[in-house]
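Chain by chain, the residues run as shown.
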Amino acid sequence: MLIIGCSGSRELARKVAKKLHAEYSNLIVEKFPDNEIKIRLPRDVANRKVVLIQSFYGSINDKLIELLFAAHTARELGAKKLILVAPYLAYFRQDKRFKERESISANIVAKFLAVFDKILVVDPHLHRIKRLKKLADFFAKGIRLSAVKEIANYIKKLKLGDCVIIGPDEESKQWAGGVAKLLRKKVVLLLKKRLGSRKVKISALKADIKGKNAIIVDDIISTGRTMLDVVKKVKAAKAKEIFCIAIHGIFAEGALKKIQKYAKVISCNTIPSKVARIDVSGVIADALKRC
Ligand code: R5P
């Protein structure tokens, strides 16, 4: 097995390779003055099982093109099996035509990735579409991995005693509810209405959390509007310590600093950042052993 770290996942890819004692190399990516890119595979791939690891944050469209160039090149050069590991796969929130004539981007991205034999995605944002394979036929080859256990283990180590787990919206049940179940704690789920890409309305927090440690768990922090709204409600309810835990910490538009004014923020290392303290390399390595 040859593991290749694309530009969005080098550190995590290296960790995965180390856990598997597999050969590892960075993908070679060159950017031209006109913003075109060119990739070069770092090793000979003929007749090998090749794993490309790429996460989508920052210049996500560049990262997508880079991945597709690498995948098609590996195919042309005779890779025996081509596996994608996407610690964070973007575009999954665009899973329906919210307005007429809009693209259903999740489906289209899924089709782009048809070049792979297998696709491993860490906690994809499956909301209206509940299962990976419903996104596009080829996603029958998709495997959904989850960081919920890793998050629960991380919280256990904090030894917080009395605490309540909060999910900002209904779909966060799969993450907040999952963590609460593993920790045998209570979960409080709020309701969210999205009014725009930077505007959300979240229902009132009715539970009594006074004096308790509050841990808000969601899959994604992007602009941070969701977390900020919840965090302010939790603070007003006089919680003791407040933690915000996301699987994918995108932290667009200075979101991290804004939330840190109220709470401790932690994310998984599906997207690198200074608060990416929960390691998912073990989850990925274990899944790759079965591929
Ligand atoms: C969507 O419902 C997700 O689960 C997150 O709650 C959402 O993506 C967070 O976005 P933002 O940080 O921009 O509010």
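You'll find the structure just up there.
Not measured: the values here are computed from a predicted model.

Would you mind showing me how to read the nonpolar core here?
Soluble globular proteins: nonpolar side chains tend toward being buried together. Ranked by size, the top nonpolar core spans 43 residues in total, and within it Ile3, Val16, Val179, Ile215, Ile284 and Leu288 carry the most contacts. Excluding residues that lie within four positions of it along the chain, Val16 makes contacts with Ile3, Ile53, Ser281, Ile284, Ala285 and Leu288. Counting residues in hydrophobic clusters, the runner-up holds 35 residues, among them Leu27, Ile39, Val45 and Ala74.

What's the story with the sheet that holds strand 10 (residues 187-189) in this structure? I'm lost.
Sheet strands pair via backbone hydrogen bonds, and the direction of the pair is either parallel or antiparallel. Pairing within the open sheet is parallel, and its six strands lie in the order 10-9-13-14-15-16. The open sheet is flanked by strand 10 and strand 16 (276-278), the only strands paired with a single partner. Across the sheet, the axes of successive neighbouring strands diverge by a mean angle of 35°, strand direction being ignored. Note that strand 9 (residues 163-167) and strand 10 share three bridges and pair parallel. For Ile166, the partnering residue across the bridge sits in strand 10 and is Val188. Of the strands in this sheet, strand 9, strand 10, strand 13 (213-221) and strand 14 (242-249) are in contact with helix 6 (residues 173-183), which crosses strand 9 at around 160°.

Which parts of the structure should I look at to understand the pattern of salt bridges?
A side chain with one charge can pair with a side chain of the opposite charge if their charged atoms come near. Evaluation of the coordinates by the stated rule reveals 12 salt bridges. Note that Lys289 and Asp286 form a salt bridge whose closest N and O atoms lie 3.4 Å from each other. Pair noted here: Lys289 and Asp286 are both in helix 9 (residues 281-289), with a separation of three residues, about one helical turn. Judged by its relative accessible area of 58%, Lys289 is exposed. Here the residues in one salt-bridge network are Glu23, Arg43 and Arg48, joined through shared partners.

Is there a simple way to think about helix 5 (residues 148-158) in this case?
Given 3.6 residues per turn, any residue in an α-helix points the same way as the ones three and four places further on. Residues of helix 5 that are buried: Val148, Ile151, Ala152, Tyr154 and Ile155. In an axial view of helix 5, the angular spread of the buried residues amounts to 160°, which keeps them on one side of the axis. Pointing more than 90 degrees away from the buried face of helix 5 are the exposed residues Lys149 and Lys157.

Is there a simple way to think about the pairing of strand 15 (residues 264-268) in this case?
Regular strands place side chains that alternate from one sheet face to the opposite one. Of all five residues in strand 15, four are buried, a share of seventy percent or more. Inspection of the sheet shows strand 14 paired to strand 15 by four bridges, in the parallel sense. Its bridge partner being in strand 15, Cys244 is matched across the sheet by Val265. Regarding the hand of the β-α-β motif, the stretch spanning strand 14, helix 8 (residues 255-260) and strand 15 is right-handed. Inspection of the sheet shows strand 15 paired to strand 16 by two bridges, in the parallel sense.

Got a minute to help me understand the site of the ligand in this structure?
Near the ligand you find 15 residues, and of these Glu171, Asp218, Asp219, Thr223 and Thr226 are the closest. Ser222 has a polar backbone atom sitting 2.8 Å from an oxygen atom of the ligand. Considering the ligand on its own, with 370 Å² of exposed area, one finds that the protein chains cover 96% of that surface. The element contributing the most residues to the shell around the ligand is strand 13, with four residues. Residue composition of the shell around the ligand, by class: two nonpolar, five polar and eight charged.

What am I meant to see in the packing of aromatic side chains here?
For any pair of aromatic rings, the description rests on two quantities: the centre-to-centre distance and the angle between the ring planes. All chains considered together, the criterion is met by zero aromatic pairs. Here the basic side chain of Lys63 rests over the ring of Tyr57, its NZ or CZ set 4.4 Å away from the ring centre.

Any chance you could explain the side chain of Ser25 here in plain terms?
Its place among the elements puts Ser25 in strand 2 (residues 23-26). The exposure class of Ser25 is buried, given its relative accessible area of 7%. Looking at Ser25, its side chain comes within polar contact range of the side chain of Arg43, at 3.4 Å. Every residue in contact with Ser25, bar those within four places of it in the chain, is listed here: Ile3, Ile4, Gly5, Pro42 and Arg43.

I keep staring at the packing of helix 1 (residues 10-20) against helix 9 and nothing clicks. Help me out?
Geometrically, a packed helix pair is captured by the angle between its two axes and the distance between the axes. Interhelical geometry of helix 1 versus helix 9 gives an angle of 55° and a closest axis separation of 9 Å. As summarised for this structure, helix 1 and helix 9 are arranged oblique, according to the angle between their axes. Crossing of helix 1 against helix 9: the hand is right-handed. Residue-level inspection shows Leu12, Lys15, Val16, Lys19 and Leu20 of helix 1 in contact with helix 9, the latter providing Ser281, Gly282, Ile284, Ala285, Leu288 and Lys289. Its residues placed into classes, the contact of helix 1 with helix 9 shows six nonpolar, two polar and three charged.

I would appreciate a short explanation of the state of the cysteines in the present structure.
Note on terminology: disulfide describes a covalent bond linking the sulfur atoms of two cysteines. Evaluated as defined, the whole model comprises zero disulfides. For Cys163, which is in no disulfide, the shortest distance to another cysteine sulfur is to Cys244 and amounts to 14 Å. A relative accessible area of 7% means that Cys163 is categorised as buried. Sulfur of Cys244: no disulfide; nearest cysteine sulfur belongs to Cys268 and is 14 Å away.

Conventions used here
Residues numbered from 1 in each chain as written. Predicted model: local features only at pLDDT ≥ 70, side-chain atom pairs only at ≥ 80, totals over all residues. Heavy atoms only, no water. Core = buried A, V, L, I, M, F, W, Y, C linked by side-chain atoms within 4.5 Å. Buried < 20%, exposed > 50% of the residue type's maximum accessible area, 1.4 Å probe, protein only. Contact = heavy atoms within 4.5 Å. Pairing = 2+ DSSP bridges. Helix = DSSP H or I, 4+ residues; strand = E, 2+ residues; numbered from the N terminus. Axes fitted to C-alpha atoms, helices over the stretch in contact; angles between N-to-C directions. Salt bridge = Lys/Arg side-chain N within 4 Å of Asp/Glu carboxyl O. Arc of directions from axis to C-beta. Right-handed = clockwise from strand over helix to strand, strands pointing away. Near = heavy atom within 4 Å. Polar contact = N/O pair within 3.5 Å; in protein donor to acceptor, adjacent residues only side chain to side chain. Areas by Shrake-Rupley, 256 points an atom, 1.4 Å probe, with all protein chains shown as cover. Nonpolar A, V, L, I, M, F, W, Y, C, P; charged D, E, K, R; others polar. Phe/Tyr/Trp six-rings, centres within 6.5 Å; stacked < 30°, edge-to-face > 60°. Lys NZ or Arg CZ within 6 Å of the ring centre and 35° of its normal. Parallel < 35°, antiparallel > 145°, perpendicular 65-115°, else oblique. Left-handed = near helix turned anticlockwise from the far one by under 90°. Disulfide = S-S within 2.5 Å.

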